[in-house]
Every structure is written in C-alpha cells, then in structure tokens.
Amino acid sequence: MSDDVTPENEPAATDASTPPARKPGRKPVILIALTLLFAAFTIGGRYFIIELEDLAGISMDVLNVITLFGTGALLLGWAGWALLLSGWNWPQRIAVAGLLIGLPLGFLSLFRPVGGGDIDFLRFEPIWTERAQPAALADDAAVVTVDLKTETPADFAQFLGREQTGSVDAQIDPEKFADSPILWKQTIGLGWPGFVARNGFAVTMEQRGVNECVSCYKIDDGTLVWLYEHPARHRDAMNLGHVGPRSTPVIHDGRVYAVGAVGNLVCLDGADGTPLWQVDLNELLDIELAETTDNDGLTVQYEENTSLAWGRSNSPLIVDDSVIIAGGGPRDGDKATLMAFDLQTGELKWRGGDEMIAYGSPTIATVSGIRQILMTAESQAMGFNPETGDVLWTFERSGDSDGGANTSQLSVVSETDVMTTKGYPGGGGERIRLNVEGEKITPESVWYNASVLKTKLTSPVIYDGHAYSLSNGFMESTDLSDGTRNWKQRGRFGHGQILLVGDKILIHSESGTLHLIDASPEEYHEYGEIKTIDGICWNTLCLYGSKLLVRSDLEAACIDLPMLSQPAADPVASENPEP
C-alpha cells in the first residue's frame, strides 16, 4: 500500500501567524432577564404608582432613587460582562465597557442632578448654570415707611396663618382662578421659610451669600424695604436639605421674631429691621457646630453633637408676653424641648420638657378645656403649660431627627382630640384623645392608620370632619371619624404645600404649579392650574387678602387671586386663638 499523500488527505499547513480560535463567550441570559424585569418595574411603577405606594410604601421619590441606582448597577453589570464574559476581542471589550461607564460619567461631569423634597429627583442642569442673585437693598429703601404694628383683617402674621391651621376664612372664585395674574416675580435668596404678612408688607428669611437674612418686602410690587443680616450659613452634612434657613418668622406688635437654622434667635424692629435683642441658642443648650464647604465654596455649619441633622425648622410662637422656641440639646446631655423668652428683653423665662426636638413648630390651642402648647418632638407628641413649660402629657410617636423624622404639625381635630401625621418610617396618621381627670391629662389612641396622612415636609388641613394632605406626594382625603381614606389623587405635587381657603384648597406643587381643588370627601375635583415660579417649592403659602405669596429656593412671586369674599374686618382674630 502506497504511503503517498494525496491532496485529499494532506494535512493542512500550520501558519504560525494565525491566532488561535477565540473562546466562545457566555450569553448574558441573567443580565437580559434582570434588565427586562427592572425596566418593567420602573416603567410600570410609574403607571401604577398609587398601587405600588399602597402595597409596598414606594412613592415616586423612592422609585426615582431605585431607578437611579438600579440603572447604575445594570450598567456596571453589562460592562463587566463585556470585559470578562463576552468572548469578543479585547479592543471590542474595552470599547464597549468604556462606553457603558464613560458616557454616564461624562454626562454627570457636565450636568448635575437637582434634587427635590426628601430624596426626590427633579431634573439635570448644566454645571455652568449660575444662580441669579436677589436684588440688593436700594439706596432709597429708607424713605418707605414700614408699619408692622397696625393690624388688618387680611394679616397672615405667623406660620400657617392666624390660627396656625393652614386655613383662611375667605372664598376664591373657582371659575376665574386659572386666569389669576402674577403681579410680580423675582429672584430670592436660598432657604425654606414661608412669608408672613401684615399691613401691606411681607417678611421671610433667606440666605444671601455668607449671611442668613430676615427680609421685608412690599406686597404690592415686591420691593425690598429692609434687610437684617447675620453671619451664618447652614447646610446639613449629607446635603439632602440644601442651603439656607428653614423657619418662618412671626410678626407681633410691630416686631419680627426669627430663628436661624443654626441657632440665632433675634427680635427685630419691624420698621427697619434693627435688632432689638438677640440670643445664641447654641450657647444656652451646649450645642456644638461643625463646618464644611458647600458646592459654592462657602463655609456652612450644622449641629455636630445633636440629632437635629437638617437644621432648625421650628417657627417661633407668640403666647401672651413670651416667644416660645423649640430647644433641643446634645445627644448625651441635658435637653429642653421648649424655651420661653420675654418678648421685650429676650430674657429666658422657662425651659420645658427633656425630649429632643424634631422639625414641627409649637402651636397654642385649647383642647379638652385646657389651654396648652402642642408640638410633636423627636419621638413624642406633647402638651405643655404655656405659663410654666410643665409637660402636661406625652404620647409616643416614633421618630429620629437624623433619620425617619417627625416634620409635621400636631393638628387639633376636635374639642378633645389632636392628630399626628408622618411620612417617614413608622408614620401614617393617628388620632389621639386627651382625657382629663382632675388635673391629669391621659392621652389615648382613637385610631391609627399607617397607610394615610403620610406627610413629610407639609401638614394636613382639616375641614368638615375630614383631613386633606399631601401624603407621600399624593393629594389625599381622610375621614377623621375612623382614619379611612376617601380618595387619593396622583399628580406631580411632590412635597409641596397646601392652604385651605373656605371650602377650597390651594396646592402649590414642589415644582411650582398652583392648583385649586374642592375640599370634598366625595372626589378630587380640580378647577385649574397656574405655573408660578422655578425652583424647589417646599415653602409654605401666605394669603394676604387676594394676594397669594409663594416662594422657592430660587424665586418669589405674588399672585392676585379672584376672591368672592375675604376675612371680615371686625373682629380681628387673636394671635393666640383658643379654639
């Protein structure tokens, strides 16, 4: 048999320059499945957000965060697969992985995210965007006569209005609402205080550079008429609450009382903003401030040895001849829940309670026949004797002022009952009855529902046996008799603010749209909406006659609402109401 090799069975020649065959890559079956499931969850969640929030407590802001971090994790997963498991040649692997990681990083190097309330995301903006600066005090401002002593029926001189209930006794014409004109709109300093108003002037707080300011404006045209400046600039360590003051001032007897985010309590002459007396709350409470640098390269302060992570948001309260202030104190030291200072001199009159504070403000009311100061502290709803500061009662309300915090007002819902609301873990609504036996007040729960009244940066309003609230960003109506939900409305409200005007409710969304709805348990009925201002609108509303004052961290505006009726001229409501 011949050993000749024929062409048919001749072994193929081996070319040393020919690369070995590539190992076949692994198909990304798991990644494909995860990507499809994630897309279905995030897209479907936006269509069924009410059901998702009810079922799992996932609101739109939480869904936005899940979307952000989930997208990042999937991009890293796909980049890892391209590099290690795709089986492609190395130039292809590096190119694909580089695009998956480099493009998002490149985008974020040019555009920064703009956060909203809580952990919400609003938009991206170019990093070179410069913030417009508020107008400086004009040279001729001193010629304007500012009278904050004369009271008028339209006054809205303290946080949430005359009775601190977020309501005004007036009526808006719903048919003409959508055509309400904006009288003026202008840039304002950073911060979350609302306006208060008296006798044609409006007062608020704002951050201007390194100074924390109390500012006074003419309501008719927005002219700045005086400005008080104090060297302080607050921002929390995590930058979730942003820069600026939080507390809304109060106007009383021609004076303005204001509390800064890092502890400056000041009494100002309402005529020109001159300080009459000033108290450093940090010195009184042994609070230490830490410093860091913000995105503008400026030094910011925050409380270092307390759990009050997001700055002082509590507004001052006038009771008789005292101004009542939420206190606080070190984590491991003595605390004062409330402190009372003499209106004329600023002298400390009493300290009440030893519970750490949260972010709601004290209010004065008569409940179960007893006049008392009400406030939800860090983990307790509480009542205080307004003359001595003695604690009259406490009721446990879970909360941590550096985490799942209590941020809303303690609402009076009947002659004997109050209500707490909260949107963070352990939240929901709870109605509490104050039973009186002799001199002892014993609170008891009437009902508790974790699924309703989940307020975060806002408080409910009460009308005709029902509560209305922005509950985790949804507008909601709740029956106060048993805590059941009447209706829940999806909308781009976010953590905005609401104001009850007669039998209608104004909603100012977090993104700056104004809505008018019926205060009705039957259904959500809206009469229209108006685009108002830019920025994040956490600030409370102020209605002075027909003039609605709104503001954000960027802008302020005055909207002339069509009114069917306004507060009566006589009698003028007391600043210390006793419902």
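Small disclaimer: the values here were computed from a predicted structure and weren't measured.

Caption draft 1: Geometry of helix H4 (residues 90-110). Its 21 residues give H4 an end-to-end C-alpha distance of 29 Å, which sits within 8% of 30 Å, the value for a rise of 1.5 Å per residue. Residue Leu99 marks the point of greatest curvature in H4, where the axis turns by about 30°. Two or three places before Gln92, at the opening of H4, Asn89 has a side-chain oxygen 2.9 Å from that residue's backbone nitrogen.

Caption draft 2: How the structure looks around the environment of Thr337. Take Thr337: it is sitting in strand E18 (residues 336-342). Taking C-alpha positions, Thr337 is 32 Å from Ser477, a pair spaced 140 residues apart along the chain. Setting aside chain neighbours within four positions, we find Thr337 in contact with Ile325, Ala326, Gly327, Gly352, Gly353, Asp354, Glu355, Ile357, Met375, Ala377, Met382 and Phe384. Among the polar contacts listed, one links the side chain of Thr337 to the backbone nitrogen of Asp354, at a separation of 3.4 Å.

Caption draft 3: Representation of the confidence of the model for the protein in the model. Across the protein, the average pLDDT comes to 91, with 93% of residues at or above 70. Below pLDDT 50 for its whole length, residues 570-579 participates in 24 contacts with residues either more than four positions away or in separate chains.

Caption draft 4: Local environment of the sheet that holds strand E11 (residues 255-259). Spatial ordering of the open sheet is given by E10-E11-E12-E13, a layout of four strands whose pairing is antiparallel. The open sheet has two edge strands with one neighbour each: strand E10 (250-252) and strand E13 (275-280). Geometrically, the sheet is characterised by an average inter-axis angle of 15° between neighbouring strands, direction not taken into account. Relative to strand E12 (residues 264-269), E11 runs antiparallel, the two sharing five bridges. Across the sheet, residue Ala258 finds its bridge partner in E12, namely Val266.

Caption draft 5: Up close: the pairing of strand E14 (residues 289-293). Here five bridges tie E14 to strand E15 (residues 299-303), and the two strands are oriented antiparallel to one another. Within E15, the residue paired with Thr292 across the bridge is Val300. Hairpin connection, E14 to E15: the antiparallel pair is bridged by five residues, and Gly297 has positive phi, about 80°.

Caption draft 6: Looking closely at the pairing of E12. Among the six residues of E12, five are classified as buried, and the element is accordingly described as predominantly covered. The loop that links E11 with its antiparallel partner E12 comprises four residues; one of these, Gly263, has a positive phi angle of about 100°. Relative to E13, E12 runs antiparallel, the two sharing five bridges. When the sheet's bridge partners are listed, Cys267 is paired in E13 with Trp277. Connecting E12 to the antiparallel partner E13 that follows it, the hairpin turn spans five residues, and Gly273 within it adopts a positive phi of roughly 80°.

Caption draft 7: How the structure looks around the sheet that holds strand E21 (residues 370-376). What the four strands build is an open sheet, ordered E20-E21-E22-E23; its pairing is antiparallel. Strands at the two margins of the open sheet, each flanked by one partner only, are strand E20 (363-367) and strand E23 (391-396). Taking the axes of each pair of neighbouring strands and ignoring which way they run, one obtains an average angle of 30° across the sheet. The pairing of strand E22 (residues 380-384) with E23 spans five bridges and is classified as antiparallel. Across the sheet, the residue bridging to Met382 is Thr394, located in E23.

Caption draft 8: Local environment of unusual backbone geometry. At Gln164, a position not held by glycine, the phi torsion is positive, near 60°. By the element assignment, Gln164 lies in the loop between strand E2 (121-126) and strand E3 (167-168). Backbone geometry at Asp464 places phi at a positive 55°, although glycine is not the residue there. Mapped onto the elements, Asp464 comes out in the loop between strand E28 (461-463) and strand E29 (466-471). Asp464 gets classed as exposed once you look at its relative accessible area, which sits at 65%.

Caption draft 9: Representation of the packing of helix H1 (residues 29-47) against helix H3 (residues 60-84). Relative to each other, H1 and H3 sit at 165°, their axes nearing to 11 Å. Comparing their axes, H3 and H1 come out roughly antiparallel. The hand of the H1/H3 crossing is left-handed. Across the interface between the two elements, Leu31, Ile32, Leu34, Thr35, Phe38, Phe41, Thr42, Gly45 and Arg46 of H1 pack against Met60, Leu63, Asn64, Ile66, Thr67, Gly70, Thr71, Leu74, Gly77, Trp78 and Trp81 of H3.

Caption draft 10: Broad picture of the packing of H3 against H4. Contact pair H3 / H4: the axes reach a minimum separation of 8 Å and the direction vectors enclose 165°. Between H3 and H4, the interaxial angle falls into the category roughly antiparallel. Every pair of crossing elements has a handedness; the one defined by H3 and H4 is left-handed. Here H3 contributes Leu75, Leu76, Trp78, Ala79, Ala82, Leu83 and Leu84 to the contact with H4, which in turn contributes Trp90, Arg93, Ile94, Val96, Ala97, Leu100, Ile101 and Pro104.

Caption draft 11: Highlighting the nonpolar core. The biggest cluster of nonpolar side chains holds 35 residues, and the ones touching the most others in it are Leu499, Leu506, Leu548 and Leu561. Broken down by secondary-structure element, the contributors of at least two residues to this core are strand E32 (497-501), strand E34 (513-518), strand E36 (542-544), strand E37 (547-551) and strand E38 (555-560). Counting residues per element, this core draws most heavily on E38, at four residues. For Leu499, the contacting residues outside a window of four places in its chain are Phe156, Gly166, Ser167, Val168, Lys504, Ile505, Leu506, Leu541, Leu543 and Leu548. Formed by 20 residues, the second largest nonpolar core is a distinct cluster that contains Val319, Ala340, Ile357 and Ile364.

Caption draft 12: Just the packing of aromatic side chains, in detail. On inspection of all chains with the given rule, the structure shows 12 aromatic pairs. Both rings, one in Phe107 and one in Phe111, keep their centres 4.9 Å apart while their planes meet at 20°; by these two values the pair is stacked. Where Trp487 meets Tyr524, the ring centres are 5.6 Å apart and the plane angle is 80°; that geometry is what we call edge-to-face. Linking Trp487 in strand E31 (residues 485-489) with Tyr524 in the loop between E34 and strand E35 (526-531), this pair joins segments that are 37 residues apart in sequence. Of the residues examined, Trp487 reaches a relative accessible area of 9% and is grouped as buried. Given a relative accessible area of 17%, Tyr524 falls into the buried group. Looking at Arg93, its charged tip hangs above the ring of Trp90, at a distance of 4.3 Å from the centre.

Here is what the cut-offs are and how they apply
- Residues numbered from 1 in each chain as written.
- Predicted model: local features only at pLDDT ≥ 70, side-chain atom pairs only at ≥ 80, totals over all residues.
- Heavy atoms only, no water.
- Helix = DSSP H or I, 4+ residues; strand = E, 2+ residues; numbered from the N terminus.
- Expected span 1.5 Å × (residues − 1).
- Bend = angle between axes of the 7 residues up to and from the residue.
- Polar contact = N/O pair within 3.5 Å; in protein donor to acceptor, adjacent residues only side chain to side chain.
- Contact = heavy atoms within 4.5 Å.
- pLDDT = per-residue confidence, 0-100.
- Pairing = 2+ DSSP bridges.
- Axes fitted to C-alpha atoms, helices over the stretch in contact; angles between N-to-C directions.
- Buried < 20%, exposed > 50% of the residue type's maximum accessible area, 1.4 Å probe, protein only.
- Parallel < 35°, antiparallel > 145°, perpendicular 65-115°, else oblique.
- Left-handed = near helix turned anticlockwise from the far one by under 90°.
- Core = buried A, V, L, I, M, F, W, Y, C linked by side-chain atoms within 4.5 Å.
- Phe/Tyr/Trp six-rings, centres within 6.5 Å; stacked < 30°, edge-to-face > 60°.
- Lys NZ or Arg CZ within 6 Å of the ring centre and 35° of its normal.

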